[in-house]
Amino acid sequence: MNSIIEMYPYLLLIFVRLTSFFMIAPLFSMKGVPTQFKLGFASFIALVAVTNLPVDEPLLLNGFYILLIIKEVGVGLALGFTAALLLYTVQIAGAFIDFQMGFSIASVMDPQTGTQVPIIGHFKYILALLFLLTVNGHHLLLDGVMQSFQAFPVESIAFSAKMEDVTHFFTRLFVEMFMIALQIALPIVGALFLVDVALGILAKTVPQLNIFAVGLPLKIIVGFIMLFLSMPIFFYILQILFEKILISMSQLIRLLGGA
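Parameters and conventions
Residues numbered from 1 in each chain as written. Predicted model: local features only at pLDDT ≥ 70, side-chain atom pairs only at ≥ 80, totals over all residues. Heavy atoms only, no water. Helix = DSSP H or I, 4+ residues; strand = E, 2+ residues; numbered from the N terminus. Contact = heavy atoms within 4.5 Å. Core = buried A, V, L, I, M, F, W, Y, C linked by side-chain atoms within 4.5 Å. Buried < 20%, exposed > 50% of the residue type's maximum accessible area, 1.4 Å probe, protein only. Axes fitted to C-alpha atoms, helices over the stretch in contact; angles between N-to-C directions. Left-handed = near helix turned anticlockwise from the far one by under 90°. Nonpolar A, V, L, I, M, F, W, Y, C, P; charged D, E, K, R; others polar.

Participant: Help me get a handle on the side chain of Glu72, residues and values and all.
Facilitator: Mapped onto the fold, Glu72 is located in helix α3 (residues 63-87). With residues up to four places along the chain from it excluded, the contact list for Glu72 reads Leu13, Val16, Arg17, Ser20, Pro153 and Val154.

Participant: An account of the nonpolar core is needed here, citing residue identities and associated values.
Facilitator: Core analysis: the largest hydrophobic core is formed by 68 residues, its most contacted members being Ile14, Leu18, Phe21, Leu141, Leu238 and Met249. The set of elements that each furnish at least two residues to this core consists of α1 (4-24), α2 (35-51), α3, α4 (89-101), α5 (119-134), α6 (137-151), α7 (163-205) and α9 (231-257). Once residues lying within four places of it in the same chain are set aside, the contact partners of Leu18 are Ala42, Ile45, Ala46, Val145 and Phe149.

Participant: Give me the lowdown on the packing of α4 against α5, citing residues and values where you can.
Facilitator: Relative to each other, α4 and α5 sit at 145°, their axes nearing to 6 Å. Taken as a pair, α4 and α5 cross one another with a handedness that is right-handed. Between α4 and α5, the contacting residues are Val90, Gln91, Gly94, Ile97, Asp98 and Met101 on the first element and Ile119, Ile120, Gly121, His122, Lys124, Tyr125 and Ala128 on the second. Residue composition of the contact of α4 with α5, by class: seven nonpolar, four polar and two charged.

Put into structure tokens, the structure is as follows:
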């Protein structure tokens, strides 16, 4: 049985990775979650994780240990950024829809980030967060972080991945993010495109009709109808998106740790 003094450096490193992850990860990074809760929750999980951590030799609190802390901050932020990036796919899809519905001139203030976000995008993002809670996605995110301690131990500082491998990973992640966003927005954007075609034909056949007065309300009505009808497809794609988040987190940690 290892002594408390020997386990304390490992406990601190695990705590640093968890708190860095909570700073940017979906749900945990929300401003509505108190900072005291995040710190207490990270401390509790770190205490649970360190009890199952195999300790070969004690770590010394020296310059090398400072490098380990910096490494843990980077790993935690990278994992949280990967999860948050893919979930922001929903807001990108909403931006596509807002542009077609004519809502791009209006936006709402996101209290979590303090930035202007598209209306439909923010609505879909809130639905995605609620669905993430419904399917226990927050448990899966925590499980992904816990597994990272096995694939990339806290006492290791050597990164097995080259910079071009990490760059390629995030570039591919960006491409997949936009592809999934296009799949989410395609039913509504496609229907609104057909409405634009019909309005164009109507403007040619009936020149006396004020197409701008008719077109905007019609596109909004069709957009909301398609938004309601495409909800099953949206939640189905969300399931695929959540699986992609966990797979990407696992790929990233294996890429860094070489496990």
